[in-house]
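Read off the chains here:
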Amino acid sequence: MNKLSGKRLLILGGSIWKDAIKAYAADNNITLIATGSNQSAGIFDIANEKYDIDSTNSEEIKKLIKEQKIDGVYMGGSEPVITQACKYINELDLPCYCTPAQWEQLQDKTLFKELCIKFNLPVVPKYDVTFENIDQIIKHDDFPLITKPTDGCGSSGFSKCNNIDELKRGYSIATAASPTGSVIVEKFVNNKGVVVFYTFSNGKMYFSGVEDKYPVKHIKHGTFVGGLFVFESKLTNDFRSKFEEKLQMLFNSLGIKEGSVWIEVFYDNNQYYFNEVGYRYGGSVSIYPIDYLYSINQVGADIYFALTGESKIFDHKSIISPHIVRKSNYCIYPVHIAGGTIKSIIGIEEIRKLGDIIFISVTKNIDDHIEDTGSFSQAFALIHFICNSSDECKNIIEKIHDTIHVLNEHNEEMIMKMLDTNNIKF
C-alpha cells in the first residue's frame, strides 16, 4: 500500500524545483497546500490549496496546520523560512529533518568554523576584530583580507580588502547585509575550489558528489560568484580519502540524521580550506545532478520523510528524463545579468530543446527589477547540461549566449558574459 496516498503536504518553498515536487505529488496522490505572502511564487502554480499566510508567521502557520489537518511540512530551500519553520514543525511534533539547534549550528559560519577546527578540518585563518579596533589589530602584512556576513549567502555582503580603508568599507557592507549585524574577517585565499554534497538517512552520510567551482568576478563590485559548476570533480577521490571520516564524526556530534548538506571548500596551492555549509539543497538546484549521478531523488526523500517520519532516500522515481543519453560530465551554468528592469526574454525555449539540456531554472520574469548587488541574486537562469569534454562544454555555453537574450527597458542586453571559457579544463 502507498503510505503517501491521500496525505496533505504543506509546501513553504521550492519554486525553482516546483516540477519535481509536482511530479512526486502526482505519482503518490499527495494534496499540495501552498502558503506564503507572495502568491506569484511558483509553488502556488502547483498547489491544490492556497493560503495567503507568511511562512515565517509561526502562530498562523501552526493554526493552519491544525485546522486543515495537514500531515507534513516541506520547507523548501529559503534560509529565513527554514529558520522559523523548523521551530514550529518540531513544536507540533511533526517530522522535520532538523532541529533548530542543528540548523543554527550549521547556518552560522562562525559556529561551523569552530566545529571544523574541533574535528581537525582546515579553515581559513580568521581575525577577531570589531569596526572600532580594526586599526589596532590589522597590520599591513595581513592583507589581502575578506569581509562577509556571519549569516549571509550567495556572496551578498562579500568584499575583498587590500588596505585598512577598504577593510572598513567592507566591514560596513557586511554588517548591513547580515540579519544579525555580525561580520567575519579572514585571510583571502583563492576561492576556486569545490562544493561537496551529502545526503543523510538514519544518521548515515551518503556521498552525493563533488563539483568543481569556477568563480567569476563582478568588476564593479569586486565580489565573486559562481561562473560554472562541473561534476565530477578531479579532486573527488583525494577529498573523500582525507576528510570523509572526519565529516561523518562532525555531523554525528550534532545528531544529524536526515536531510542534505553542501559544503564549500576552497582549494589553493594544494591546500583545502573549509568555508561554509548549507543544511539544505544547493542554490544551483543541486537536486538534479545528485539524482543524475547517484540516483538519489532528494525531493522525494524529503517529502516521504515529512509525511511518514520514515527515512527512505533510494527507490523514488527519478526526476531525470529516461530519454537522456548519459555523458561523463554534468555542468551547471548560471546566466548572470546586469541591473535594470527586464522587458524582453528571448531564446529560452530554443535552448530547452537541445538534446543535452537536463533542466533550466529561470529565476527572473518580465518586469522584474534587478538590483545591481554583485551577488548570485543576479543569476537570471541556471542551465543544467551534460557533455563529454571541455570543448563540448564551451560550445554549449557559446550556444547559450548566441541564443538567449534578456533586454532592459532601453532595449539593451542585460546578460553579462563573465566566464572565460578558456579556463574550463576537465
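Presented here is a report on the structure given in the accompanying data block. The shown structure was predicted, so the numbers you read here are calculated from the model rather than taken from an experiment.

Parameters and conventions
- Residues numbered from 1 in each chain as written.
- Predicted model: local features only at pLDDT ≥ 70, side-chain atom pairs only at ≥ 80, totals over all residues.
- Heavy atoms only, no water.
- 1 Å grid on protein atoms, 1.4 Å probe; cavity = no way out; pocket = protein on both sides within 12 Å on 5 of 7 lines; lining within 4 Å.
- Points joined across faces, edges and corners; volume = space filled by probe spheres on them.
- Helix = DSSP H or I, 4+ residues; strand = E, 2+ residues; numbered from the N terminus.
- Nonpolar A, V, L, I, M, F, W, Y, C, P; charged D, E, K, R; others polar.
- Salt bridge = Lys/Arg side-chain N within 4 Å of Asp/Glu carboxyl O.
- Buried < 20%, exposed > 50% of the residue type's maximum accessible area, 1.4 Å probe, protein only.
- Pairing = 2+ DSSP bridges.
- Arc of directions from axis to C-beta.
- Contact = heavy atoms within 4.5 Å.
- Axes fitted to C-alpha atoms, helices over the stretch in contact; angles between N-to-C directions.
- Phe/Tyr/Trp six-rings, centres within 6.5 Å; stacked < 30°, edge-to-face > 60°.

### What about empty space enclosed by the protein?
Argument step 1. In total, this model carries three cavities of 30 Å³ or more according to the counting rule given.
Argument step 2. Put simply, the largest cavity is a space of about 160 Å³.
Argument step 3. If you trace the largest cavity, you find 14 residues lining it, with Val73, Tyr74, Met75, Tyr97 and Asp302 closest to the centre.
Argument step 4. Among the secondary structure elements, those contributing two or more residues to the lining of the largest cavity are strand 4 (72-74) and helix 11 (298-308).
Argument step 5. Its residues assigned to classes, the lining of the largest cavity comprises ten nonpolar, two polar and two charged.
Argument step 6. Counted as a void, the second largest cavity has a volume near 80 Å³.
Argument step 7. Along its surface, the second largest cavity is lined by 13 residues, and Phe200, Gly259, Ala301, Asp302 and Ile313 are the ones closest to its centre.
Argument step 8. Sorting the residues of the lining of the second largest cavity by element identifies strand 9 (193-201), strand 12 (259-268) and helix 11 as the ones contributing at least two each.
Argument step 9. The greatest single-element share of the lining of the second largest cavity, amounting to four residues, is contributed by helix 11.
Argument step 10. Split into classes, the residues belonging to the lining of the second largest cavity amount to five nonpolar, five polar and three charged.

### Quick notes on the layout of surface pockets
Argument step 1. Here the second largest pocket is characterised by a volume of approximately 400 Å³.
Argument step 2. Lining the second largest pocket are 20 residues, and of these Thr83, Gln107, Asp151, Pro179 and Thr180 lie nearest its centre.
Argument step 3. Elements that contribute at least two residues to the lining of the second largest pocket include exactly helix 4 (79-91) and helix 5 (100-107).
Argument step 4. Among the elements that line the lining of the second largest pocket, the one with the most residues is helix 4, at five residues.
Argument step 5. Across the lining of the second largest pocket, the residue classes break down as seven nonpolar, eight polar and five charged.

### With respect to the pattern of salt bridges
Argument step 1. Overall, the coordinates contain 23 salt bridges when judged by the stated rule.
Argument step 2. Across the pair aspartate 45 and lysine 18 runs a salt bridge whose closest N-O atoms are separated by 2.9 Å. On the criterion of sequence distance, the pair formed by aspartate 45 in helix 2 (residues 43-46) and lysine 18 in helix 1 (residues 18-28) is long-range, its members being 27 residues apart.
Argument step 3. A residue is classified by how much of its surface remains accessible, and aspartate 45, at 53% relative accessible area, is exposed.
Argument step 4. In this structure, the salt-bridge partner of glutamate 244 is arginine 240, at a minimum N-O distance of 2.9 Å. Here arginine 240 and glutamate 244 lie together in helix 9 (residues 236-254), a separation of four residues that amounts to about one turn.
Argument step 5. For glutamate 244, a relative accessible area of 17% translates into the label buried.
Argument step 6. Salt bridges sharing common partners tie together Glu59, Lys62 and Glu91.

### Side note on the sheet that holds strand 19 (residues 405-408)
Argument step 1. If you trace the three strands from one edge of the open sheet to the other, you get 17-15-19, paired in antiparallel fashion. The sheet is open, and its two borders are formed by strand 17 (369-370) and strand 19, each paired with just one other strand.
Argument step 2. Sheet topology places strand 15 (residues 340-346) next to strand 17; two bridges connect them, and they run antiparallel. Across the sheet, the residue bridging to threonine 341 is histidine 369, located in strand 17.

### Digging into helix 5
Argument step 1. Every buried residue of helix 5 is listed here: Gln102, Trp103, Leu106 and Gln107. Angular distribution of buried residues about the axis of helix 5 spans 120°; they occupy a single face of the element.
Argument step 2. Those residues of helix 5 that are buried lie in contact with helix 4, helix 6 (109-118), helix 9 and strand 13 (271-278).

### Examining the sheet that holds strand 5 (residues 126-127)
Argument step 1. One open sheet accounts for four strands, arranged 5-8-6-7; its pairing is antiparallel. In the strand order of this sheet, the two ends are held by strand 5 and strand 7 (159-161), each with one partner.
Argument step 2. Across five bridges, strand 6 (residues 145-149) lies against strand 8 (residues 183-187) in antiparallel orientation. Bridge pairing links threonine 147 to valine 185 in strand 8.
Argument step 3. The sheet contacts of helix 6 involve strand 5, strand 6 and strand 8, and relative to strand 8 the element is tilted by about 45°.

### Here we look at the packing of aromatic side chains
Argument step 1. Applying the stated criterion to the full structure yields 19 aromatic pairs.
Argument step 2. Ring geometry for tyrosine 97 against tyrosine 279: centres 4.9 Å apart, planes inclined by 75°, an arrangement best described as edge-to-face. With tyrosine 97 in the loop between helix 4 and helix 5 and tyrosine 279 in the loop between strand 13 and helix 10 (287-294), this pair connects stretches of sequence that are 182 residues apart. With respect to burial, tyrosine 97 and tyrosine 279 carry one shared label: buried.
Argument step 3. Taking the centre distance of 6.3 Å and the plane angle of 85° together, the rings of phenylalanine 158 and phenylalanine 224 count as edge-to-face. On the criterion of sequence distance, the pair formed by phenylalanine 158 in the loop between strand 6 and strand 7 and phenylalanine 224 in strand 11 (residues 224-231) is long-range, its members being 66 residues apart. The same class applies to phenylalanine 158 and to phenylalanine 224, which are both buried.

Purely spatial values, then, with no claim about function.
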